[in-house]
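What follows is the residue order along each chain.
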Amino acid sequence: MSSLHFPDLQQFIDCPREFWLAQQAETPRPRLPYPLAPELRQLAAQRIELQDQDPIWANFGPWRAAVDFIKASPNHPNQVRLYFVQASGSVYSPKHGFKEKYLKEWAFSYHLFCLAGYEVEQCYAIWIDKDYRYPGGEIPPKRLLKIHPLGQELAELRAETALLMQKAEALRLQKTAPKWDGQSFCKKKLACPFIQKYHGQEIPAFSIFQLPRHRLDRPPLDQALAQKKWDLTELDPELLPERWLLQQQSAKTGQAQVDVPALKEWLAQLQFPLQALDYEAVNPAVPFIPHSRPFQHIPFQFSWQVWPNKETEDIVSTNFLAQDKKEPTAGLMQALLDCAQPQGSILVWHKTFERERNRELAKRYPEHRDFLYRLNERLVDLEEIVTKGLYIDAKFEGRSSLKKVLPVLLPQMSYDELPIAEGLAAADAWWQLDQQPPQEQAQTRQALIDYCQLDTFSLIKMVQLLMRKFGETV
DNA sequence: TTATAGGGAGCAGGATCTCT
DNA sequence: AGAGATCCTGCTCCCTATAA
């Protein structure tokens with residue numbers, strides 16, 4: 001039998017059926033806790049006056065747990081202190097205390113270290129002070145990291161955790177599949193692997209779980225659920241709010257539901273030359289450029305495309321990708337000044353992100369404040385056609401993210417063949433770039449450019465499509 | 001005049017979206 | 001992981017209509 005870690009226990013708590021199924025595999029995929037970033041580990045070690053060391057593991061039965069640091073008690077030589085480091089700024093709040101999910105994880109480790117024979121004197125939590133402002137230079141660990149002893153909280157959770165572990169152990173050995181009442185769901189809803197495997201053929205293409213902001217505990221979905229009616233098309237249209245109704249109509253007809261007058265009006269606001277902008281950014285817990293804060297998004301790349309006028313199909317494309325982690329925003333700011341047209345609408349997807357990046361750039365480069373604020377005034381958010389109900393297709397699955405909408409509108413445009421196909425992967429690739437051999441770096445840089453470029457290109461292509469179908473005659 | 005029910009505005013807090 | 005936006009709920013406050 002394979003070993004079990006905290007993420008397995010978490011899976012058991014969230015969805016015992018999925019946990020059971022995962023454990024039936026020949027070799028269950030190990031679900032290891034996500035490792036800490038090295039720069040955070042190092043600062044945490046300094047914070048408690050220790051040499052950086054690898055996490056320490058304890059075993060008991062099938063269970064394995066790690067603590068980030070361990071230290072002998074100065075008072076009682078046979079006792080130890082356990083340290084848990086969390087890459088988060090919201091571990092503790094005066095109003096709500098420690099967050100439940102962290103306490104559970106710590107209680108699990110604490111329990112296991114006790115079982116493994118450690119005499120634990122005290123546990124400590126270490127986390128990020130998100131109010132810290134990095135002025136530059138060496139980061140003093142005491143300024144960035146908060147530390148607090150854990151007392152009663154862990155003791156209380158320990159018994160509960162032990163019980164859950166017993167139940168999980170018993171369940172994984174069970175030969176027959178757990179029963180399911182057809183009404184209770186985990187967060188994955190019908191996408192839960194257990195349901196997919198045992199009830200796959202009964203799953204409707206468009207279900208009530210794809211409705212945005214669905215609440216299963218109140219009407220009309222509570223009733224539908226009680227009757228095990230998962231099919232979106234079976235809901236009584238009388239009871240549905242506007243956006244849900246559109247989605248149902250689309251599911252019934254197989255057609256997108258378009259508010260043509262409103263969409264025409266939306267398209268009419270666009271001004272040429274039409275431009276499209278997309279930033280890629282990293283947001284590490286430990287600040288890496290001066291005058292930034294923990295988890296702040298630092299843009300390192302953008303794609304800017306210009307469609308001069310309706311008479312041409314030619315699109316001018318500009319890309320910027322920062323060389324390295326040393327002040328990536330300086331080059332980015334200059335490149336932005338070089339390629340931005342003085343007028344015309346600037347298409348983005350989910351404008352809060354690009355707008356916030358521009359505001360932060362304006363703080364960093366006050367001399368370009370006016371330029372950046374004028375850009376913000378010209379931003380036009382294409383996501384609005386979905387969130388404001390101008391164009392609803394059930395195939396969006398109730399979401400409005402670019403990765404859901406684009407494949408429906410323009411099936412021929414695909415991220416599938418790109419080595420980097422997602423914002424988080426892009427951020428990660430750039431962050432790890434300096435650890436790659438030089439010949440691979442060139443490939444990664446090209447992959448980053450291709451990905452970012454596709455994001456802006458799809459914005460313009462979608463607008464061209466909408467203009468062809470619904471534009472012109474206003 | 002007083003007590004009470006009902007409606008509407010305003011607000012805080014939670015949950016849920018999106019982006020990287 | 002955090003931040004902004006939005007939606008929803010539940011609460012208070014205040015006004016008005018109504019009955020005693």
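Described in the following lines is the structure provided in the data block. Residue numbering note: each chain is counted from 1, following its sequence as written. Each chain takes a letter, starting from A, and each ligand takes a number, starting from 1, following the order in which they are written. Only residues with pLDDT of 70 or above have their local features reported here, since the model is predicted, and side-chain atom pairs are shown and tallied only from 80 upward, although totals for entire chains, interfaces and linings are computed over all residues. Heavy atoms throughout the structure, all of them, feed into the side-chain values; hydrogens and water do not.

### Brief notes about the layout of surface pockets
And step 1. Put simply, the largest pocket is a space of about 1500 Å³.
And step 2. Cavity and pocket criteria rest on a 1 Å grid covering protein atoms alone: a 1.4 Å probe that fits but cannot get out defines a cavity, protein on both sides within 12 Å along at least 5 of 7 lines defines an open pocket, and an atom within 4 Å of a point defines a lining residue. As for the largest pocket, its lining consists of 45 residues, of which Y34, P35, L36, A37 and A87 are closest to the centre.
And step 3. Those elements giving two or more residues to the lining of the largest pocket turn out to be α1 (6–14), α3 (38–47), β2 (63–67), β4 (79–85), α4 (100–115) and α16 (423–431).
And step 4. Looking at which element gives the most residues to the lining of the largest pocket, the answer is α4, with 6 residues.
And step 5. Here the term charged refers only to Asp, Glu, Lys and Arg, the term nonpolar to Ala, Val, Leu, Ile, Met, Phe, Trp, Tyr, Cys and Pro, and the term polar to all other amino acids, Gly among them. Looking at the lining of the largest pocket residue by residue, the classes come out as 29 nonpolar, 7 polar and 9 charged.
And step 6. Grid points are joined across faces, edges and corners, and a volume is the space filled by probe spheres set on the points. Taken as a whole, the second largest pocket spans an internal volume of roughly 580 Å³.
And step 7. Surrounding the second largest pocket, 22 residues form its lining, D278, K403, G423, Y451 and D455 being those nearest its centre.
And step 8. Strands are runs of DSSP state E lasting at least 2 residues, helices are runs of H or I lasting at least 4, and numbering of each runs from the N terminus. Those elements that provide at least two residues to the lining of the second largest pocket are β10 (274–282), α12 (351–364), α15 (402–409), α16 and α17 (438–470).
And step 9. Taken together, the residues that form the lining of the second largest pocket break down as 11 nonpolar, 5 polar and 6 charged.

### As for the sheet that holds strand β11 (residues 298–307)
And step 1. Taking strand neighbours across the sheet as the criterion, the 5 strands line up as β12-β11-β10-β13-β14 in an open arrangement whose pairing is mixed. At either end of the open sheet lies a strand with only one pairing partner, and these are β12 (316–321) and β14 (379–381). Ignoring strand direction, the axes of neighbouring strands in this sheet form an average angle of 25°.
And step 2. We call two residues in contact whenever any of their non-hydrogen atoms come within 4.5 Å of each other. Convention adopted: a line fitted to C-alpha atoms gives each axis, helices being fitted over their contacting stretch, and angles between N-to-C directions are expressed from 0 to 180 degrees. Contacting β10, β11 and β12, helix α11 (residues 328–339) runs over the sheet at an angle of about 15° to β11.
And step 3. Strands in contact with α17 are β10, β11, β12 and β13 (346–348); relative to β11, the strand with the most contacts, it is inclined by about 40°. When DSSP finds at least two bridges between two strands, those strands are taken to pair.

### Details of the side chain of Q301
And step 1. As for its position among the elements, Q301 is in strand β11.
And step 2. If we skip the residues at most four places from it in the chain, Q301 touches D278, Y279, E280, F320, L321, L332, L448, I449 and C452.

### Points about the sheet that holds β4
And step 1. On the basis of which strands lie adjacent, the open sheet formed by 4 strands has the order β3-β4-β7-β8 and mixed pairing. The open sheet has two free edges, formed respectively by β3 (69–72) and β8 (145–150), since each of these has just one partner strand. Put simply, the sheet's adjacent strands are angled 25° from each other on average, direction ignored.
And step 2. Pairing of β3 with β4 involves 4 bridges; the strand directions are antiparallel.

### What about the state of the cysteines?
And step 1. Throughout, disulfides are identified as pairs of cysteine sulfur atoms within 2.5 Å of each other. Inspection of the entire model under this criterion finds 0 disulfides.
And step 2. With no disulfide of its own, C114 lies closest to C123 among cysteine sulfurs, the gap being 7.3 Å.
And step 3. Sulfur of C192: no disulfide; nearest cysteine sulfur belongs to C15 and is 3.7 Å away.
And step 4. Buried means the residue's accessible area, taken with a 1.4 Å probe over protein chains only, is under 20% of the maximum for its type, while exposed means over 50%, and partly exposed covers the values in between. You can call C192 buried: its relative accessible area is 1%.

### Comments concerning the pattern of salt bridges
And step 1. Basic side-chain nitrogens of Lys or Arg form a salt bridge, by our definition, when they fall within 4 Å of a carboxyl oxygen of Asp or Glu. Under the criterion given, the structure shown has 16 salt bridges.
And step 2. Two residues, R81 and E121, come together in a salt bridge whose shortest N-O distance is 2.7 Å. Here the residue R81 occupies a position in strand β4, and E121 occupies one in strand β7 (residues 119–128), the gap between them amounting to 40 residues.
And step 3. A residue is classified by how much of its surface remains accessible, and R81, at 17% relative accessible area, is buried.
And step 4. Here R357 makes a salt bridge to E360, at a shortest N to O gap of 3.1 Å. One end of the pair is R357 and the other is E360, both in helix α12 and 3 residues apart, which spans about a single turn.
And step 5. With relative accessibility at 5%, the residue R357 sits in the buried group.
And step 6. Through salt bridges with shared partners, one network takes in R41, D52 and D68.

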